[in-house]
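If you want the building blocks of each chain, they are given just below.
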Amino acid sequence: MKLHELHDNPGATKKQKRVARGPGSGSGKMGGRGIKGQKSRSGVAIGGYEGGQMPLYRRLPKRGFSKPNQMRYAVINLGLIEKFVALGKLDISAEITEVMLVEAGLTGHLRDGIRILNKGEIKSAVKLSVTGASAAAIEAVAAAGGTLTVAPTLAPHGKSVRKAQ
């Protein structure tokens, strides 16, 4: 094989269309832009412009609200915890904390805490200590002979979210 024999597969490359390069090119004269009008000129910015009429995005009211300091939890299902216990990645003899769940690889980030949901089945008697859990998940862990402790969470500002009782 020589350098001059190297070539791409057929159809791998396509020549660039050169517009406005004379009548012989097939897209000469006006370069496929038509006659006159805003779109035929350079620097077109039509976006949401409706010819002076009040644009639709300004006619419609604003809706909703995004809370700037809301808590974002990493969600873990009970079925996944059971799977990791069966694989030997979680030790059920000691209390399983949020840090242990992250280190085992159940979730990538701790975020504002971990919330356990009742999806899947748990058979092992685990002792969990997390930031949040659904009522169904707490019942399922108790039915399997384990305990699920929900600790008070800390807001991003360092203030406790739950009131001390």
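Structural data are supplied above this passage.
The present account deals with the structure reproduced in this document. (Residues numbered from 1 in each chain as written. Predicted model: local features only at pLDDT ≥ 70, side-chain atom pairs only at ≥ 80, totals over all residues. Heavy atoms only, no water.)

As for unusual backbone geometry
In step 1: Phi angles above zero are rare outside glycine, and Ala-20 is one such case at about 55°.
In step 2: Within the secondary structure, Ala-20 sits in the segment before helix H1 (56-59).
In step 3: Despite not being glycine, Lys-36 has its phi angle at roughly 50°, a positive value.
In step 4: Relative to the helices and strands, Lys-36 is located in the segment before H1.
In step 5: A relative accessible area of 65% places Lys-36 in the exposed class. (Helix = DSSP H or I, 4+ residues; strand = E, 2+ residues; numbered from the N terminus. Buried < 20%, exposed > 50% of the residue type's maximum accessible area, 1.4 Å probe, protein only.)

Here's the deal with the sheet that holds strand E2 (residues 96-97)
In step 1: Ordered by their spatial adjacency, 3 strands build an open sheet running E2-E4-E6, and the pairing between neighbours is parallel. Of all strands in the sheet, those with a lone pairing partner are E2 and strand E6 (147-150), marking the two edges.
In step 2: Direction of pairing for E2 relative to strand E4 (residues 127-130): parallel, over a ladder of 2 bridges. The partner of Thr-97 across the bridge, within E4, is Ser-129. (Pairing = 2+ DSSP bridges.)

Some words on a nonpolar patch on the surface
In step 1: Residues Met-1, Leu-3 and Leu-6 make up a contiguous nonpolar surface patch of about 450 Å² in total accessible area.
In step 2: Note that Met-1 resides in the segment before H1. (Patch = residues over 30% accessible without salt bridge, like charges linked within 9 Å, V, L, I, M, F, W, Y side chains within 5 Å. Areas by Shrake-Rupley, 256 points an atom, 1.4 Å probe, with all protein chains shown as cover. Salt bridge = Lys/Arg side-chain N within 4 Å of Asp/Glu carboxyl O.)

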